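# Chains, contacts and geometry: an overview
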Amino acid sequence: MNYKRLIAKIAADKENNKLGKIIRIDKLPGKTIKRYKPYAMILVNKRFRKSIIVPIEADKVIKIEGTYAWFDILKEDFDAELKRIKETKIEREIYHGQLSTEPSKGAVRSFDPYNLGHTRKERKR
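Every chain's residues receive numbers from 1 upward, in the order its sequence appears when written. Only residues with pLDDT of at least 70 get local features here, since the model is predicted, and only at 80 or more are side-chain atom pairs given and counted; chain-wide, interface and lining totals rely on the full set of residues. In computing side-chain properties, one takes all heavy atoms of the structure into account and sets aside hydrogens as well as water.

### Details of the nonpolar core
Convention followed: Residue types Ala, Val, Leu, Ile, Met, Phe, Trp, Tyr and Cys, when buried and joined through side-chain atoms within 4.5 Å, form a set referred to as a nonpolar core. Per-residue accessibility, obtained with a 1.4 Å probe over protein chains only, is compared with the maximum for each type, and a residue is labelled buried under 20%, exposed over 50%, and partly exposed between these values. Helix and strand definitions here come from DSSP, where helices need a minimum of 4 consecutive H or I residues and strands a minimum of 2 consecutive E residues; each element is numbered from the N-terminal end. Residues count as neighbours in contact if any of their non-hydrogen atoms are within 4.5 Å of one another.
Counting 20 residues, the largest nonpolar core has Leu 6, Ile 22, Ile 42, Val 54, Ile 56, Phe 71 and Phe 78 as the members making the most contacts within it. Of all the secondary structure elements, the ones that give two or more residues to this core are strand S2 (18-29), strand S3 (36-44), strand S4 (52-57), strand S5 (61-65), strand S6 (68-71) and helix H1 (75-93). Residue contacts for Ile 42: discarding those within four places in its chain leaves Ala 11, Leu 19, Gly 20, Lys 21, Ile 22, Ile 52, Ile 53, Val 54, Ile 56, Phe 71 and Phe 78.

Okay, structure coming up:
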């Protein structure tokens, strides 16, 4: 099947609930078998929230008519996948490193770019 026909269509589940807009087709490794499979990347826009891209296997397409493409998936399964991707994205955005301003163990070095901590040297005359 030519999956390029899916691009710019509106994705819907098998109960006619709108999922989002298909923006591209990518080849990603499968979940169990690490072979590359075509995935439809669905852009989910929610009001007052960041947009999220959710991949769905392109093999799950039931039919394509007009501006819609129906997938063999339920809205609850899609929402569970969306929640998992949101949590992963938030986890990656949070920095878990050292945030304190205290010096680390070892040699103590201070950086004073404007020489505010030292008295000014006067010129000898």
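### What to know about the side chain of Glu 81
Mapped onto the elements of the fold, Glu 81 is located in helix H1. According to the relative accessible area criterion, Glu 81 is buried, its value standing at 17%. In contact with Glu 81, other than residues within four places in its own chain, are Lys 31 and Val 54.

### Comments concerning the sheet that holds S6
Note the cut-off: Strands qualify as paired when DSSP identifies two bridges or more between them. Fitted lines through C-alpha atoms give the axes, limited to the stretch in contact for helices. The angle between two N-to-C directions lies from 0 to 180 degrees.
Taken in spatial order, the six strands line up as S4-S3-S2-S1-S6-S5 in an open sheet, and their pairing is mixed. With one partner strand each, in any of the chains shown, S4 and S5 form the two edges of the open sheet. Within this sheet the neighbouring strands show an average axis-to-axis angle of 40°, counted without direction. Examined bridge by bridge, S3 and S4 share six bridges and lie antiparallel to one another.

### Let's talk about the pairing of S6
Pairing of strand S1 (residues 10-12) with S6 involves three bridges; the strand directions are parallel. Counterpart to Ile 10 in the pairing with S6 is Tyr 68. The turn linking S5 back onto S6 is made up of two residues, and Gly 66 within it adopts a positive phi angle of 60°.

### Some points on H1
Operational definition: Between the first and last residue of a helix there are one fewer steps than residues, each counted as 1.5 Å, and that sum is the expected span. In this description, the arc belongs to the directions extending from the helix axis to the C-beta atoms.
In this model H1 runs 27 Å from its N-terminal to its C-terminal C-alpha over 19 residues, within 8% of the 27 Å that 1.5 Å per residue would give. Taken together, the buried positions of H1 are Phe 78, Glu 81, Leu 82 and Ile 85. Projected onto a plane normal to the axis of H1, the buried residues spread over an arc of 100° and lie on a single side. Residues of H1 that are exposed and angled more than 90 degrees away from the buried face: Glu 76 and Lys 83.

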